[in-house]
Amino acid sequence: MNEEVDVVICSGYSPGARVLRAAVREAGKREKIRMVTVAPALAQLPKAVEDMESLKKRCVVVVDGCEGFCGLQTLAQFGVPRAGELKINQYAMYSESGVQLEADKIVKLVQEARSKCAKA
């Protein structure tokens, strides 16, 4: 079974957040995932809040780009359980090598979560 895993991420604009988003897109080329950003739900946009609530019944991991842990905090705020979590390295600037390194970590996280969710 290759169940889609929702990857919840922060929505920042720092170089690290740019690496994070690119790494999730790269991981999506290797694994069946759906990227979910937290900013729309935090802004209380109705469709985004509904989407965040729907995550309670799905296989979810969170990947944060800094110590603010906005992805993790948003899942907690909405009561969404997670099958795994990761904080990527801090990046002062965007780089393809950083994207590849973090994509590898995200792929591993997704694979572990998928296995965990299948057993639940």
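Now for a look at the structure at hand. Being a predicted model, the structure only gives us computed values, none of them experimental.

### Observations regarding helix H4 (residues 70-78)
Every α-helix carries 3.6 residues per turn, so stepping three or four residues along brings you back to the same face.
Working step 1: Along H4, the positions that sit buried rather than exposed are Gly-71, Thr-74, Leu-75 and Phe-78. Angular distribution of buried residues about the axis of H4 spans 100 degrees; they occupy a single face of the element. Projecting away from the buried face of H4 at angles above 90 degrees are the exposed residues Gln-73, Ala-76 and Gln-77.
Working step 2: For H4, the secondary structure elements touched by its buried residues are strand E1 (5-9), helix H2 (39-42), helix H3 (46-54) and strand E3 (60-64).
Working step 3: Phi turns positive one or two residues past the end of H4, at Gly-79, with a value near 70 degrees.

### Thoughts on the nonpolar core
Working step 1: Among the nonpolar cores identified, the biggest contains 25 residues, and Val-7, Leu-20, Val-63 and Ile-106 are the most heavily contacted of them.
Working step 2: For this core, the elements supplying multiple residues, two or more each, are E1, helix H1 (15-27), E3 and helix H5 (96-119).
Working step 3: When residues no more than four places from it in sequence are discounted, the contact partners of Ile-106 are Leu-20, Ala-23, Val-24, Ala-27, Val-63 and Leu-86.
Working step 4: One finds Val-8, Val-36, Val-49 and Leu-55 within the second-largest nonpolar core, a separate group that totals 13 residues.

### Quick word on the packing of H1 against H5
Helix-helix packing: each pair is described by the crossing angle between the helix axes and the interaxial distance.
Working step 1: One way to put it is that H1 packs onto H5 with a least axis distance of 8 Å and a crossing angle of 55 degrees. Comparing the axis directions of H1 and H5 gives the class oblique. Along this stretch, H1 crosses H5, giving a crossing that reads as right-handed. Here Val-19, Leu-20, Ala-22, Ala-23, Val-24, Glu-26 and Ala-27 of H1 lie close against H5, whose contacting residues are Gly-98, Val-99, Gln-100, Glu-102, Ala-103, Ile-106 and Val-107.
Working step 2: When its residues are assigned to classes, the contact of H1 with H5 shows 10 nonpolar, 2 polar and 2 charged.

### Some details on the pattern of salt bridges
Working step 1: Applying the stated criterion across every chain, the model contains 12 salt bridges.
Working step 2: For Arg-58, the salt bridge goes to Asp-6, with nearest N and O atoms at 2.5 Å. Of this pair, Arg-58 sits in the loop between H3 and E3 while Asp-6 sits in strand E1, placing them 52 residues apart in sequence.
Working step 3: By relative accessible area, Arg-58 is classed as partly exposed at 33%.

### Thoughts on H1
Working step 1: With 13 residues, H1 should reach 18 Å at 1.5 Å per residue; the first-to-last C-alpha distance of 18 Å fits that figure.
Working step 2: Within H1, 10 of the 13 residues are buried, which leaves the element mostly enclosed by the surrounding structure.
Working step 3: Buried within H1 we find Gly-16, Ala-17, Val-19, Leu-20, Arg-21, Ala-22, Ala-23, Val-24, Glu-26 and Ala-27.

Here is what the cut-offs are and how they apply
- Residues numbered from 1 in each chain as written.
- Predicted model: local features only at pLDDT ≥ 70, side-chain atom pairs only at ≥ 80, totals over all residues.
- Heavy atoms only, no water.
- Buried < 20%, exposed > 50% of the residue type's maximum accessible area, 1.4 Å probe, protein only.
- Helix = DSSP H or I, 4+ residues; strand = E, 2+ residues; numbered from the N terminus.
- Arc of directions from axis to C-beta.
- Contact = heavy atoms within 4.5 Å.
- Core = buried A, V, L, I, M, F, W, Y, C linked by side-chain atoms within 4.5 Å.
- Axes fitted to C-alpha atoms, helices over the stretch in contact; angles between N-to-C directions.
- Parallel < 35°, antiparallel > 145°, perpendicular 65-115°, else oblique.
- Left-handed = near helix turned anticlockwise from the far one by under 90°.
- Nonpolar A, V, L, I, M, F, W, Y, C, P; charged D, E, K, R; others polar.
- Salt bridge = Lys/Arg side-chain N within 4 Å of Asp/Glu carboxyl O.
- Expected span 1.5 Å × (residues − 1).

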